[in-house]
Amino acid sequence: MKKNHLLISLRPTGLVQLAFALLLILSQNIALAEKQNCSAVSDKTCTTAHALKKGINLGNMLDAPWEGAVRGLKVEPEYFDLIAENFNTVRIPIKWSNHASTSKLAIIDETFFQRVEMIVDKFLARDMYVIINVHHYNQLVMKNLPPGEVSVDEEVVKLRLLNMWQQISLRFKNKSDKLIYEVLNEPNGKLNNTEWHSLMNDAVTIIRSNEPERILMVGPSDYNSIFSLAKFTPPKDRNIIISIHDYTPFTFTHQGASWTFAKDMKNISCCSETQTEEMKRAFITAANWNKSTGYPLHLGEFGANEKADMQSRVNYTKFARKLAENDSIGWTYWEFGSDFGAYDPKKKEWKQPLFEALTHD
Ligand code: BGC
């Protein structure tokens, strides 16, 4: 029977079918080759890294000194559907440090905890991937604190981070696998590379004592810079995704941004060949690091601020997005409704060209 079947399928039409089948297999292999190298992590983590795809940061809301402190921005009920209908992933930056007691225990304020949990649950209920982090814990990285920051005893600063993760992990341990914890946004400044590695490993150990399998994100020093991947050693753990941030060309993306050296720059457009070459270099560095280590990457932040002209922002966004997607790297755009925002919260509408640059293929 089997032989007969083979003979029949090897007639001319059968041969054509066979050729198509071979082509299909070949093209699938090519597609597989384009996936990230996941040799250091579990299959589930690898699948998740690739499934994060398109995402957006709910920035300047829960990571502000208090919700509403930046431009009056708050997480509004209509944002859940608006984001879930258009993106696979939402990254929610959270400034827990301002909502926790000043002792080493860092007891998280219950009202704030409930608020975060409600927001996380709303996105999870819409089947989204949800990344929550510790954002703007400024005392870890800065000598002089900006206004609005709760200041604590220097001795308890790092312990508080660990105790915050202990509480978050205990509280959220039964949530969906689609919830991902990112240990710390953009380690930099006084938290040097060695200190960051040790703090990161301590935080991972604490989370693992409650949640052996939860997918965690960590990233390199110097603001999660791609160029610091070379000096980054991920925790020895099979459920880890590496978060990188990329704002090249920086003088374009951050022109007029008061908190950077580009604050006085203006009228810089995008994207010249020099600019795209710079962007490509960053992604080549990232892809090479992934190939040599086997840890999958996620682009946690990229974006251009509102001081740049809209057409250039669109050009930049499309180009950066494609660079990430060509390497099968999921991304979360910085950010939803503030100075880099793709949405206008006053008009209650997407900034259409930017929205299309993010969501249309
Ligand atoms: C910071 C934001 C900043 C953005 C771009 C984020 O990590 O939290 O405050 O606007 O990077 O610089």
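Please refer to the structure placed before this passage.
Report follows, based on the coordinates. On a predicted model such as this, the values are computed, not experimentally measured, just so you know. (Residues numbered from 1 in each chain as written. Predicted model: local features only at pLDDT ≥ 70, side-chain atom pairs only at ≥ 80, totals over all residues. Heavy atoms only, no water.)

## Section: unusual backbone geometry
Using the following cut-off: Strands here are runs of E lasting at least two residues and helices are runs of H or I lasting at least four, both read from the DSSP assignment and numbered beginning at the N terminus.
Here the bond from Cys 270 into Cys 271 is cis, since omega is 20°, no more than 30 degrees from zero. Mapped onto the elements of the fold, Cys 271 is located in the loop between helix 9 (250–253) and helix 10 (273–293). You will see that Lys 53, though not glycine, has its phi angle at about 40°, which is positive. One can find Lys 53 in the loop between helix 3 (43–51) and strand 1 (54–57).

## Digging into helix 7 (residues 193–210)
Heads up, the rule is: In this scheme, a helix's expected span is set at 1.5 Å multiplied by one less than its residue total. Two residues qualify as a contact provided that any one of their heavy atoms is within 4.5 Å of a heavy atom in the partner residue. Two N or O atoms form a polar contact when they lie within 3.5 Å of each other; inside protein one atom must be a possible hydrogen donor and the other a possible acceptor, and for residues adjacent in sequence the pair counts only when both atoms belong to side chains.
In this model helix 7 runs 26 Å from its N-terminal to its C-terminal C-alpha over 18 residues, within 8% of the 26 Å that 1.5 Å per residue would give. Buried positions along helix 7 lie against helix 6 (157–172), strand 4 (179–182), strand 5 (216–218) and helix 8 (221–224). One side-chain oxygen of the residue at the start of helix 7 lies 3.1 Å from the amide nitrogen of Thr 194, identifying that residue as Asn 192.

## Looking at the nonpolar core
Rules: The criterion is simple. A nonpolar core is a set of buried Ala, Val, Leu, Ile, Met, Phe, Trp, Tyr and Cys residues joined through side-chain atoms within 4.5 Å. Throughout this description, buried means an accessible area under 20% of the type-specific maximum (1.4 Å probe, protein chains only), exposed means over 50%, and partly exposed covers the range between.
The biggest cluster of nonpolar side chains holds 90 residues, and the ones touching the most others in it are Ile 83, Ile 92, Trp 96, Phe 123, Ile 132 and Ile 168. When neighbours within four sequence positions are excluded, Phe 123 is seen to be in contact with Leu 58, Tyr 79, Phe 80, Ile 83, Val 90, Ile 92, Met 128 and Val 130. Membership of the second largest hydrophobic core comes to eight residues, among which are Ala 49, Leu 52, Ile 215 and Met 217.

## A word on the pattern of salt bridges
Oppositely charged side chains are able to pair whenever their charged atoms sit close together. Counted only if it meets this: For this document, the term salt bridge refers to a Lys or Arg side-chain nitrogen within 4 Å of an Asp or Glu carboxyl oxygen.
By the definition in use, this model includes 23 salt bridges. Notably, a salt bridge pairs Lys 231 with Asp 222, separated by 2.9 Å at the nearest N-O pair. Taking the relative accessible area as the measure of exposure, Lys 231 reaches 39% and is therefore partly exposed. We classify Asp 222 as partly exposed; its relative accessible area is 34%.

## With respect to the environment of Glu 67
Relative to the helices and strands, Glu 67 resides in the loop between strand 1 and helix 4 (78–84). The exposure class assigned to Glu 67 is buried, which follows from its relative accessible area of 17%. When sequence neighbours within four positions are dropped, the list of residues in contact with Glu 67 reads Met 61, Leu 62, Leu 73, Lys 74, Val 75 and Arg 115. At a separation of 2.8 Å, a polar atom in the side chain of Glu 67 contacts the main-chain amide nitrogen of Val 75.

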